[in-house]
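As a plain string of letters, each chain reads:
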Amino acid sequence: MFVKSRHMSDSFSAEHNPNDSKVNVEFEGRTIIIVLVGKAILFYVLPLVMGVVYQSQCKVQEMIPRFLMILGIKGIGENFLICILMFILLFILRQRSELDRRKIFDRFKLIAYSICIISNIAWVIAGCVWTFGVKNRVQFDDVENVNYCHPTLYQYAFVWCILWLIYIFMEFVICIPCICILQWKLTDLQKELNPVRHILKL
């Protein structure tokens with residue numbers, strides 16, 4: 001019995017090495033931070049610049065440049081805030097147990113992702129209403145006309161809304177099922193570890 005318990009202990013240590021888990025969590029966290037910084041630069045700086053440059057050149061709907069500005073500010077702020085929080089979390093979790101690191105890190109990702117996607121959906125829907133709502137009366141020639149909007153600004157906002165709708169659709173079709181699978185695997189890991197720990201205590 002002692003030999004069997006020792007064998008199980010060795011197997012447990014080999015398969016669930018805390019140091020390996022820490023490396024995995026830290027590597028995943030750093031990768032996510034790099035992706036978020038790149039996402040903030042690639043996807044949110046240009047809308048912010050477009051909104052600032054053309055902020056007074058859309059009489060038909062003044063909310064279009066404001067929509068782009070706020071989208072850029074919100075996106076950059078959200079991504080960098082998540083990066084900072086994730087960096088702090090990774091530092092704190094260095095001294096925690098294997099299972100705790102994975103549980104807390106995955107829950108943080110789930111909460112952060114849910115907040116971001118909900119706020120993005122709400123703001124993009126508002127932007128689509130403002131942009132698509134004036135499609136039939138917007139004109140790009142007479143600057144003094146009440147229906148005037150700078151063509152670069154309007155066409156950019158129009159294309160951006162379409163791309164964001166596609167992105168949101170892909171989020172629901174691909175990313176959310178992946179998160180559900182991740183949570184399911186985490187639950188299985190907990191069920192797998194708990195009986196082993198119970199036997200080791202005996």
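To be clear, the structure that these remarks concern was listed above.
In this numbering scheme, every chain counts its residues from 1 along its sequence in written order. Totals for whole chains, interfaces and linings use every residue, but because this is a predicted model, local features are given only for residues with pLDDT of at least 70 and side-chain atom pairs only at 80 or more, for both listing and counting. Heavy atoms from the whole structure form the basis of all side-chain values; hydrogens and water molecules are not counted.

A. Highlighting the nonpolar core. For the purposes of this section, nonpolar cores are sets of buried Ala, Val, Leu, Ile, Met, Phe, Trp, Tyr and Cys residues that join through side-chain atoms within 4.5 Å. Exposure is judged per residue with a 1.4 Å probe applied to protein chains only, and the accessible area is read against the type maximum: over 50% gives exposed, under 20% gives buried, and values in between give partly exposed. Formed by 25 residues in total, the largest nonpolar core has its most connected members in I64, L68, L71, C149, L153 and W164. Where helices and strands are cited, they refer to DSSP runs of H or I of at least four residues and of E of at least two residues respectively, numbered from the N terminus. At the level of secondary structure, the elements contributing two or more residues to this core comprise helix 2 (18-53), helix 3 (63-92), helix 4 (98-132) and helix 5 (151-201). The leading source of residues in this core is helix 5, at 8 residues. Residue contacts are defined here by distance: any two heavy atoms, one from each residue, within 4.5 Å place the two residues in contact. Setting aside chain neighbours within four positions, we find C149 in contact with Q57, C58, V60, V138, Q139, F140 and Y154.

B. Main features of the state of the cysteines. A pair of cysteine sulfur atoms is labelled a disulfide when the two atoms are within 2.5 Å. Under the defined criterion, the tally for this structure stands at 1 disulfide. Across the disulfide from C58 sits C149; the S-S distance is 2.3 Å. What sets the handedness of the C58 and C149 disulfide is the S-S torsion sign, and at about -105° it is left-handed. Of the two residues, C58 is situated in the loop between helix 2 and helix 3 and C149 in the loop between helix 4 and helix 5; the sequence distance between them amounts to 91 residues. Each member of the pair, C58 as well as C149, is classed as buried. Unpaired in this structure, C161 has its nearest cysteine sulfur neighbour in C128, at a distance of 3.9 Å.

C. View of the pattern of salt bridges. Only one rule defines a salt bridge in this text: a Lys or Arg side-chain nitrogen within 4 Å of an Asp or Glu carboxyl oxygen. Summed over all chains, the structure comprises 3 salt bridges. For E144, the salt bridge identified is with K59, shortest N-O distance 3.9 Å. Of the two residues, E144 is situated in the loop between helix 4 and helix 5 and K59 in the loop between helix 2 and helix 3; the sequence distance between them amounts to 85 residues. Residue classification places E144 among the exposed residues on the basis of a relative accessible area of 62%. Judged by relative accessible area, which is 39%, K59 ranks as partly exposed.

D. Focus on the packing of aromatic side chains. Here the aromatic set is Phe, Tyr and Trp, taking the six-membered ring for Trp, and pairing holds for ring centres within 6.5 Å; pairs whose planes are under 30 degrees apart are stacked, those over 60 apart are edge-to-face, and all others are tilted. Across all of its chains, the model carries 8 aromatic pairs by this definition. Pairing Y44 with W164 gives two aromatic rings, centres 6.3 Å apart and planes at 40°, and the pair type is tilted. With Y44 in helix 2 and W164 in helix 5, this pair connects stretches of sequence that are 120 residues apart. With centroids separated by 6.0 Å and ring planes inclined at 45°, the aromatic side chains of F140 and Y154 adopt a geometry described as tilted. Of this pair, F140 sits in the loop between helix 4 and helix 5 while Y154 sits in helix 5; the two residues are 14 residues apart in sequence, bridging distant segments of the chain. By relative accessible area, F140 is classed as partly exposed at 30%. Here Y154 falls in the buried class, since its relative accessible area comes to 5%. Following the ring pairs from residue to residue traces out a cluster consisting of Y44, Y156, W160 and W164.

E. Representation of a nonpolar patch on the surface. A cluster of nonpolar side chains, contributed by V159, I162, L163, I166, F169, M170, F172, V173 and I174, occupies part of the molecular surface with about 800 Å² of accessible area. Mapped onto the elements of the fold, L163 is located in helix 5. Exposure above 30% relative accessible area and the lack of any salt bridge qualify a residue for a patch; like charges then connect within 9 Å, and the nonpolar side chains Val, Leu, Ile, Met, Phe, Trp and Tyr within 5 Å. Note on areas: these come from Shrake-Rupley sampling with a 1.4 Å probe, and a residue is covered only by the protein chains present in the view.

The values are spatial; any link to function lies outside them.
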